[in-house]
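# Inside the fold
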Amino acid sequence: MYVDAGTVLELAALLGAFGTLGALLYKVFRWVERQKVQDAEIEAIKKEQCVMCYGLLATLDGLKQLGANGNVTDAHEKLEKHLNQSAHDWDGR
């Protein structure tokens, strides 16, 4: 088999194409893995915010029971409405 300049160039082009394809696949893999990590972090943040909202609701409820009116009542009603509307998004864990 005779190896000339054209064969070397074809081999170099083929290796370059495989290298580019490999790099692209690696980038896609890394992006997917990063998305999985971000999804887990977002889920943890949502659960933490839910707990904080229930704590805030309890605080507002306590202030309301002590006789605070006005902004306390408005905030209590809005937070309670928000929690009721978003309750189906959280599975209770």
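Before any of the text, the structure's been laid out above.
First, a word on what this report is: a plain description of the structure on this page. Owing to the predicted nature of the structure, the values given are computational and were not obtained by experimental measurement.

### Some details on the side chain of H76
Following the sequence through the fold, H76 ends up in helix α2 (residues 71-86). Leaving out residues up to four positions away in the same chain, H76 has contacts with L57, L60, D61 and K64.

### What about the nonpolar core?
Core analysis: the largest hydrophobic core is formed by five residues, namely L57, L60, V72, L79 and L83. Within the residue set of this core, elements represented by two or more residues are α1 (5-65) and α2. Per-element tally for this core: the top contributor is α2, with three residues.

### A short note on the state of the cysteines
Covalent bonding between the sulfur atoms of two cysteines defines a disulfide. As enumerated under the stated definition, the model contains zero disulfides in all. C50 takes part in no disulfide bond, and the closest cysteine sulfur, belonging to C53, lies 6.7 Å away. On the accessibility criterion, C53 (21% relative accessible area) is partly exposed.

### Brief notes about the side chain of T73
In this structure, T73 sits in helix α2. Relative accessible area serves as the criterion here: at 17%, T73 is assigned to the buried category. Ignoring anything within four residues of it in the chain, the contact list for T73 reads K64 and A68.

### Considerations on the pattern of salt bridges
One pass over the structure, following the stated rule, counts one salt bridge. Notably, a salt bridge pairs K36 with E33, separated by 3.5 Å at the nearest N-O pair. In this pair, K36 and E33 both sit in helix α1, three residues apart, roughly one turn of the helix.

### Structural notes on a nonpolar patch on the surface
There is a patch of nonpolar side chains on the surface, built from L11, L14, L15, F18, L21, L24, L25, V28, W31 and V32 and spanning about 1,000 Å² of accessible area. With respect to the helices, strands and loops of the structure, V32 is situated in helix α1. For V32, a relative accessible area of 31% puts it in the partly exposed group.

### Concerning the packing of α1 against α2
Interaxial distance between α1 and α2 falls to 9 Å at its minimum, and their mutual angle equals 145°. Like other packed secondary-structure pairs, α1 and α2 cross with a definite hand, here left-handed. Residues C53, Y54, L56, L57, L60, D61, L63 and K64 of α1 form the contact with α2, whose own contacting residues are V72, T73, A75, H76, L79, E80 and L83. Across the contact of α1 with α2, the residue classes break down as 10 nonpolar, two polar and three charged.

Rules behind the numbers
- Residues numbered from 1 in each chain as written.
- Predicted model: local features only at pLDDT ≥ 70, side-chain atom pairs only at ≥ 80, totals over all residues.
- Heavy atoms only, no water.
- Helix = DSSP H or I, 4+ residues; strand = E, 2+ residues; numbered from the N terminus.
- Contact = heavy atoms within 4.5 Å.
- Core = buried A, V, L, I, M, F, W, Y, C linked by side-chain atoms within 4.5 Å.
- Buried < 20%, exposed > 50% of the residue type's maximum accessible area, 1.4 Å probe, protein only.
- Disulfide = S-S within 2.5 Å.
- Salt bridge = Lys/Arg side-chain N within 4 Å of Asp/Glu carboxyl O.
- Patch = residues over 30% accessible without salt bridge, like charges linked within 9 Å, V, L, I, M, F, W, Y side chains within 5 Å.
- Areas by Shrake-Rupley, 256 points an atom, 1.4 Å probe, with all protein chains shown as cover.
- Axes fitted to C-alpha atoms, helices over the stretch in contact; angles between N-to-C directions.
- Left-handed = near helix turned anticlockwise from the far one by under 90°.
- Nonpolar A, V, L, I, M, F, W, Y, C, P; charged D, E, K, R; others polar.

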